[in-house]
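Letter by letter, the chains look like this.
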Amino acid sequence: MGAVIGSNWLADGWTDLDPWWDEYADIGHETAIELANLLERSTDEWTNSNAPFDTDPLAANLTQTQLSRGPLQPGNEVEWSRWLAQLLYPSKALVSELFEVSVETPPSEVIREDRLSKHAGGFRRPDILVCHADRGISIEVKLDDENYRKTPETAALVEQHYADREWPHTLLLPKRQTGRLESIVDPSLETDSDGKRSLDWETPGPIRVLDWQDVTAAIRSVLRQGAAVDDHWAANAFLFCAVAEQHISGFQSEPSVRRLAEPRTIVDATVSVGVATSLAEQLTYLRESVDETPSETHLAGRTTNVPP
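Cut-off values and rules
- Residues numbered from 1 in each chain as written.
- Predicted model: local features only at pLDDT ≥ 70, side-chain atom pairs only at ≥ 80, totals over all residues.
- Heavy atoms only, no water.
- Helix = DSSP H or I, 4+ residues; strand = E, 2+ residues; numbered from the N terminus.
- Buried < 20%, exposed > 50% of the residue type's maximum accessible area, 1.4 Å probe, protein only.
- Areas by Shrake-Rupley, 256 points an atom, 1.4 Å probe, with all protein chains shown as cover.
- Axes fitted to C-alpha atoms, helices over the stretch in contact; angles between N-to-C directions.
- Parallel < 35°, antiparallel > 145°, perpendicular 65-115°, else oblique.
- Left-handed = near helix turned anticlockwise from the far one by under 90°.
- Contact = heavy atoms within 4.5 Å.
- Pairing = 2+ DSSP bridges.
- Salt bridge = Lys/Arg side-chain N within 4 Å of Asp/Glu carboxyl O.

Glancing now at the overall build of the protein chain. Assigned secondary structure in the protein chain consists of 11 helices and 9 strands. Expressed as a percentage of its 308 residues, the buried residues of the protein chain come to 46%. Here the protein chain has roughly 15,900 Å² of accessible surface; of this, 49% comes from carbon and sulfur atoms.

Secondary-structure assignment places Thr31 in helix α1 (residues 7–48). In this structure the C-alpha to C-alpha distance between Thr31 and Leu260, which are 229 residues apart in sequence, comes to 9.3 Å.

Looking now at the packing of helix α3 (residues 92–99) against helix α6 (residues 212–224). Where α3 contacts α6, the two axes come as close as 9 Å, and the packing angle between them is 130°. Considered as vectors, α3 and α6 are oriented oblique to each other. α6 is crossed by α3, and the crossing has right-handed handedness. Across the interface between the two elements, Ala93, Leu94, Glu97 and Leu98 from α3 touch Asp214, Val215, Ala218, Ile219, Ser221 and Val222 from α6.

Spatial ordering of the open sheet is given by β1-β4-β5-β6-β9-β8-β7, a layout of 7 strands whose pairing is mixed. This sheet does not close on itself; its edge strands, each paired only once, are β1 (109–112) and β7 (189–191). Each adjacent strand pair in this sheet contributes to an overall mean axis angle of 30°, direction not counted. As defined by bridge partners, strand β5 (residues 136–141) adjoins strand β6 (residues 169–173) across 4 bridges and the pair is classed as parallel. The residue of β6 that forms the bridge with Ile139 is Thr170. Here α6 sits on the sheet and contacts β5, β6, β8 (197–200) and β9 (206–211); the angle it forms with β9, its principal contact strand, is near 70°.

Next up on the list: the pattern of salt bridges. Evaluation of the coordinates by the stated rule reveals 16 salt bridges. Taking the shortest distance from any N to any O, the salt bridge between Arg124 and Glu153 comes out at 2.9 Å. In this pair, Arg124 sits in strand β3 (residues 123–124) while Glu153 sits in helix α4 (residues 150–161), placing the two residues 29 residues apart along the sequence. By relative accessible area, which is 23% here, Arg124 ends up partly exposed. Its salt-bridge partner being Asp145, residue Lys142 comes within 2.8 Å of it at the nearest N-O pair. With relative accessibility at 28%, the residue Asp145 sits in the partly exposed group. Beyond isolated ion pairs, a larger network of salt bridges with shared partners links Glu40, Glu254 and Arg258.

Quick look at the structure:
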């Protein structure tokens, strides 16, 4: 039978927690307010950009039901990998933006799940191979799978089987998994002066580490530059961006953010506390894509404390 805790002890305990709760609630609420203003400014920029859309990808809530997750309804690594490959294949702009390379044409082909035999028996399947005439990019796609140690072996097999091309390699994973990556693999994750992260294995050498926010940021940039392949590609990319930001990065849609910024119930106020850290991450992410200086109308009189 569980012990009964005295009401006096509980009262004292809640009194000690009250200042912490108030401060943390204020942080979540103020972050939501700033994020709501930033999303409004972002939509203004989308309206004025060369993109074929007038709103930010986070303008609609795509987390409510499975049916609202888009035509592919991705739920695992294979489905996300397939969708990403669809976007990379016809778009030299996305390849250039995401991987920071200069390409004159779209990929000649994008190969998924190729079966590459190992000398000792068995095989590996690289998730995505983006191929040009004399170069390629291999991509290992990760969501919740933490089997990162097979990445260098798969990359080395790509170089052996496609020796006629130069192969930079990429490991793509959710940002939240970075800590697990560093605890699982050796060598350690290195960051250069440009902010590029890589794992420098002896074989096949450095493998660049990207997260899904790098992918969605690249798509945002391509769309706003007016560099979409065509309207169908643009619609597919816009939806991919919105779904990935909400389902992989855990970002809040604009309607949800506005509800947190102007809470009408205790539930709304409590939610802002629970997601305060992710709201701050979303704020940082969007700041990098919104160019305007905050207007006095949007932020007049507001002081925002963003948690570390």
